[in-house]
Amino acid sequence: MRVFAREKIRKTNSLSAKSLHEFSTKAIHVGEEPDLSNSGDVTIPIHMSSTFARKEVTKPSKGYEYSRTSNPTRDALEKRLAAIEDAKFALAFSSGLAAETVLILSLLKKGDHVIAFDDLYGGSRRLFNKVLEKFGLEFTYVDARETKNVEKSIKKNTRMIWIETPTNPLMKICDIRAISKIAKRHRMLTVVDNTFASPYFQKPLKLGADISLHSTTKYINGHADSIGGAIMLNDKEIYELLKFHQNAIGAVSSPFNDFLVIRGIETLALRMERHEKNAKAVAEFLESHRKVKKVYYSGLKSHPQHKLAKRQMSGFSGMISFEIKRGLKEAKRFLESVKLFSLAESLGGVESLIEHPALMTHASIPKNEREKIGISDELMRISVGIEDIDDIIADLRQALNKV
Ligand SMILES: *Cc1c(COP(=O)(O)O)cnc(C)c1O
């Protein structure tokens, strides 16, 4: 069927140009050419080989030499990742943090300064402060919801602005277009961690950012069964620099995981639609519940940056944070009472997860820092899965009843 569809697309020129522009079509077809001179698989095979044979001493027969440098399964994934983000290039890594490390080590040097959003993924802050600072890099954290806070922090040695939007866990939004414009004016690079929105709902490169970065572990793979990272970009020079470092550092993804991520991407559009639909219903349920103090979800009209979120994203994704009214002890009771939800870190998979940022994902941030940015002891974060919405809400309701 798929081969037939592809043949048809190739034969009808007008259809070809248009069809392969649409998200779902690219998510299913790009990077996967059935090799009809071989077995004709319609899905990309898992090429586990670490090395590749050649006929001539100085020339790899099919361009492949050694799998750290490049691998056919990873190539297919990278093509597809670029396609779904409307980017020219993509690179796949063994984790989101590996992608971050390679990105920074490739583009910055000792003495350079980075301005970062103060409400970042906990692991990114740990990487910056506990690992990269040792090598003479400098990081300043600002509340990037106000673009002027970014501008005010620019120093002579500032080379990069690192933002996340929506943020983890407080769902703060920053203006990608406005921040990228400032960065360009000062010859700095803008990096957007696009993990929470996924390429389906947000395209930072189109808003002027230089780099879009993902933990593919989350929505892109979407089934909580692989760890991976990705970088998407349009600039050829930067791409070549990153490609060199991807090989030189060696933090590459495995072909088996590449296969899983490719498979995940094929249903990304469907999953994101459902994640969002379920999340909206959950956010509204929580907001109307008397035991809930506050709900953080950019799709709610009560979210202070709802308008900006609506402007730069085509959907609000499936992550929600909320606070209950009665303190840490009751928050723990709630977390231990859910049944359908798993009490676990991570997010973006088909199954609903719940976690406690202050004690789990963001425990590595000192308490005073956490409180400064708004991560209280009553805050809980949920990754709304794609189960039946009635079951999801029933589970939250019964757990709230126990509080
Ligand atoms: C999980 C996550 C990361 C890190 O990715 P890993 O794949 O766990 O290394 C970075 N940013 C965000 C927003 C994340 O959620």
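See the structure printed just above.
The residue numbers shown here count from 1 along each chain, following its written sequence. Per-residue local features are limited, in this predicted model, to residues with pLDDT of at least 70; the limit for side-chain atom pairs, both in listing and counting, is 80 or more; totals at the level of whole chains, interfaces and linings are taken over all residues. Only hydrogens and water are removed before side-chain values are computed, so all heavy atoms of the structure are retained for them.

A. Looking closely at the site of the ligand. Residues are counted as near a molecule or strand when any one of their heavy atoms sits within 4 Å of it. Residues in close proximity to the ligand total 14 residues, the closest being G96, D193, S215, T217 and K218. Here G96 contributes a backbone N or O atom positioned 2.9 Å from an oxygen atom of the ligand. Identification of polar contacts relies on pairs of N or O atoms within 3.5 Å, with a donor-acceptor requirement for protein atoms, meaning one able to donate a hydrogen and the other able to accept it, and with residues adjacent in sequence counted only if both atoms are side-chain atoms. Between the ligand and T217, the relevant distance is 2.8 Å, taken from an oxygen atom to a side-chain nitrogen or oxygen of the residue. Protein burial of the ligand: of its 370 Å² of free accessible surface, 94% is covered by the chains. Using a 1.4 Å probe, accessible areas were evaluated by the Shrake-Rupley method; residue-level cover was limited to the displayed protein chains.

B. Layout of the sheet that holds strand β9 (residues 319-324). Spatially, five strands are ordered β8-β9-β12-β11-β10 in an open sheet, and the strand pairing comes out mixed. If you trace the sheet from one side to the other, it starts and ends with β8 (292-296) and β10 (342-343), each paired once. Following DSSP output, two strands are said to pair if at least two bridges run between them. The helix and strand labels rest on DSSP assignments: H or I over at least four residues marks a helix, E over at least two residues marks a strand, and numbering proceeds from the N terminus. Inspection of the sheet shows β10 paired to strand β11 (residues 353-355) by two bridges, in the parallel sense. Each residue of the ladder has a partner; that of L343, found in β11, is I354. Any two residues whose heavy atoms approach within 4.5 Å at even a single point are treated as in contact. In this analysis an axis means a line fitted to C-alpha atoms, helices contributing only their contacting stretch, and an angle means the value between N-to-C directions, from 0 to 180 degrees. Seen against the sheet, helix α12 (residues 268-287) touches β8, β9 and β12 (379-383) and runs at an angle of roughly 10 degrees to β9.

C. The packing of helix α4 (residues 72-84) against helix α11 (residues 255-265), seen in detail. Running from amino to carboxyl end, α4 crosses α11 at an angle of 30 degrees, the nearest separation of the two axes being 9 Å. In terms of orientation, α4 lies roughly parallel with respect to α11. Regarding α4 and α11, the two cross each other, and that crossing is left-handed. From α4, T73, R74, A76, L77, R80, L81 and I84 reach across to α11, where they touch P255, D258, F259, V261, I262 and I265. Here the term charged refers only to Asp, Glu, Lys and Arg, the term nonpolar to Ala, Val, Leu, Ile, Met, Phe, Trp, Tyr, Cys and Pro, and the term polar to all other amino acids, Gly among them. By residue class, the composition of the contact of α4 with α11 is nine nonpolar, one polar and three charged. Oblique is the label for any angle not under 35 degrees, not over 145, and not in the 65 to 115 range, which are roughly parallel, roughly antiparallel and roughly perpendicular in turn. Each crossing is labelled by how the near helix is turned from the far one, with a counterclockwise turn of less than a right angle marking it left-handed and a clockwise turn marking it right-handed.

D. Spatial organisation of the pattern of salt bridges. Criterion for a salt bridge: a side-chain nitrogen of Lys or Arg within 4 Å of a carboxyl oxygen of Asp or Glu. Applying the stated rule across the entire model yields 22 salt bridges. We note a salt bridge from R159 to D112, for which the minimum N-O separation is 3.6 Å. Of this pair, R159 sits in strand β4 (residues 158-164) while D112 sits in the loop between α5 (96-107) and β2 (113-117), placing them 47 residues apart in sequence. The residue K155 makes a salt bridge to E138 at a minimum N-O spacing of 2.3 Å. Of this pair, K155 sits in the loop between α7 (147-152) and β4 while E138 sits in strand β3 (residues 138-142), and the two are 17 residues apart along the sequence. Buried means the residue's accessible area, taken with a 1.4 Å probe over protein chains only, is under 20% of the maximum for its type, while exposed means over 50%, and partly exposed covers the values in between. Overall, E138 belongs to the partly exposed group, its relative accessible area being 31%.

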